[in-house]
Amino acid sequence: MSLDLFLDDSELTARIQELKRERHAVILAHSYERPEVQDIADYVGDSLELSRLAAKTDADVIVFCSVHFMAETAKILSPQKTVLLPAAEAGCPLADMITPAQLEAEKARHPGAAVVAYVNCSAEIKAMADVCCTSANALQVVNAMPQEEILFVPDQHLGRFVQKQTHKKMILWAGCCPTHQRMKIKDILDLKKQHPEAEVVVHPESNEDICNLADAVLSTSQMLRYCQASPAKTFIIGTEMGMLHRLRTAMPDKTFLQPSKGLICPNMKMTQLEDVYESLKELQFRIEIPEPIRIKALKALDGMLAAVPAK
Ligand code: 13P
């Protein structure tokens, strides 16, 4: 361990800001990151917003405080930039639930279907897809496809959420997010009994019974805007606990409750301030993608960004 790591948080933050200027870097953080990491980031967002930022930033270095597939998405969109993932081991179990060989076999079973890949997947899977989507735009992306049949990978819950709102025939891959799976409907109902005035806002990676009872099913940044616009003062938030910090920081006068204990993504929590500092200092851990895969994956991501232009 380097001696630099015996700094307190305020010294670390100051060094991070210094290094950020020297490197001409931008720090992006997902809504599920640790509070102290969200607080030093230039932007905190959902996967769609962070992809758009990564595509248009003029920084030389993107420090992506998140998990591997999100940093990979940034590299696909901005190959000329140095893209760094501060915690090398931060992966995504949902992204690992489909392999290229499995997708190849599933495509062969449904030759007429368009493949829509939720961004929570590897660059190889993106390269095999017709288009990507995030939780913020999945329905619009599916509806924009010319094909009537859609093979949706890898999250079955987001796929089912879209299926209920589209006329397209959807084939769903059986992947899921283990963190959202830990959320139980009973916990939400118990909390709702204690706070009958609270609105229930959940992520579409949640189980069907939970989405059915929610007042709104939204991506993480959509949750923020929804709670800001709502006259309600209390909200039950059905997603990873990092989101509570984001909501409480933006709306200190409102109350945000979490239904179940343990809604923690261990991968999103791997990045600590020390890792961000080391990442900027050592320019680690660099994301690299073989060019033939990147070019194909870029087509699927560009398709998404074009299908749903930024507002
Ligand atoms: P958002 O795009 O809503 O931030 O979600 C990403 C994610 O990985 C949810 O588990």
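The structure under discussion appears in the preceding block.
Computed from a predicted model, the values in this text were never measured in an experiment. Position numbers for residues count from 1 along each chain, tracking the sequence in the order it is written. Confidence filtering applies because this is a predicted model: local features only for residues at pLDDT of at least 70, side-chain atom pairs given and counted only at 80 or more, and all residues used for totals across whole chains, interfaces and linings. To get the side-chain values, take all heavy atoms of the structure and skip hydrogens and water.

(A) View of unusual backbone geometry. The omega angle of the peptide bond from Val 153 to Pro 154 is -15 degrees, so this bond is cis rather than trans. Take Pro 154: it is sitting in the loop between strand E7 (149–153) and helix H8 (156–163). Residue Phe 285 is bonded to the preceding Gln 284 through a cis peptide linkage, with omega at -5 degrees. In this description a helix means any DSSP run of H or I spanning at least four residues, a strand means any run of E spanning at least two, and both kinds are numbered starting from the N terminus. Along the chain, Phe 285 falls in the loop between helix H14 (273–282) and helix H15 (291–307). Non-glycine residue His 24 carries a positive phi angle of around 50 degrees. Its place among the elements puts His 24 in the loop between helix H1 (9–23) and strand E1 (25–30). Although it is not a glycine, Leu 283 sits at a positive phi angle of roughly 50 degrees. The topology assignment puts Leu 283 in the loop between H14 and H15.

(B) View of the site of the ligand. The environment of the ligand is formed by 13 residues, the closest being His 30, Ser 47, Ser 135, His 203 and Thr 220. N or O atoms closer than or at 3.5 Å make up a polar contact, with two conditions inside protein: a donor-capable atom paired with an acceptor-capable one, and, for residues adjacent in sequence, both atoms drawn from side chains. In this structure, Ser 47 approaches the ligand through a side-chain N or O atom, which is 2.4 Å from an oxygen atom. Accessible surface is estimated by sampling points in the Shrake-Rupley manner with a 1.4 Å probe; for residues, cover comes only from the protein chains shown. Considered on its own, the ligand offers 300 Å² of accessible surface; in the complex 96% of this is hidden by protein. Here the shell around the ligand is composed, by residue class, of 3 nonpolar, 8 polar and 2 charged. In these notes, residues near a molecule or strand are those with any non-hydrogen atom within 4 Å of it. Three classes are used, and their members are as follows: Ala, Val, Leu, Ile, Met, Phe, Trp, Tyr, Cys and Pro are nonpolar, Asp, Glu, Lys and Arg are charged, and the others, Gly among them, are polar.

(C) Here's a closer look at the packing of helix H3 (residues 47–56) against helix H4 (residues 68–77). Their axes nearest at 8 Å, the elements H3 and H4 cross at an angle of 35 degrees. At the point where H3 passes H4, the crossing takes the right-handed sense. Here Ser 47, Ser 51, Ala 54 and Ala 55 of H3 lie close against H4, whose contacting residues are Met 70, Thr 73, Ala 74 and Leu 77. Every axis corresponds to a line fitted to the C-alpha atoms, with the helix fit spanning only the stretch in contact, and the corresponding angles, defined between N-to-C directions, vary from 0 to 180 degrees. Helix crossings fall into two classes, left-handed where the near helix is turned counterclockwise from the far one by less than a right angle and right-handed where it is turned clockwise. Note on contacts: a residue pair is in contact if any heavy atoms of the two residues lie within 4.5 Å.

(D) Quick look at the sheet that holds E7. Should DSSP find at least two bridges between two strands, the strands are regarded as paired. The strand order across the open sheet formed by 4 strands is E6-E5-E7-E8, and the pairing between neighbours is parallel. Every other strand in the sheet has two partners, leaving strand E6 (131–133) and strand E8 (169–172) as the edge strands with one partner each. Across the sheet, the mean angle separating the axes of adjacent strands is 30 degrees when strand polarity is ignored. Where strand E5 (residues 114–118) meets E7, 4 bridges bridge the pair, whose relative direction is parallel. What sits directly across from Ala 117, in E7, is Val 153.

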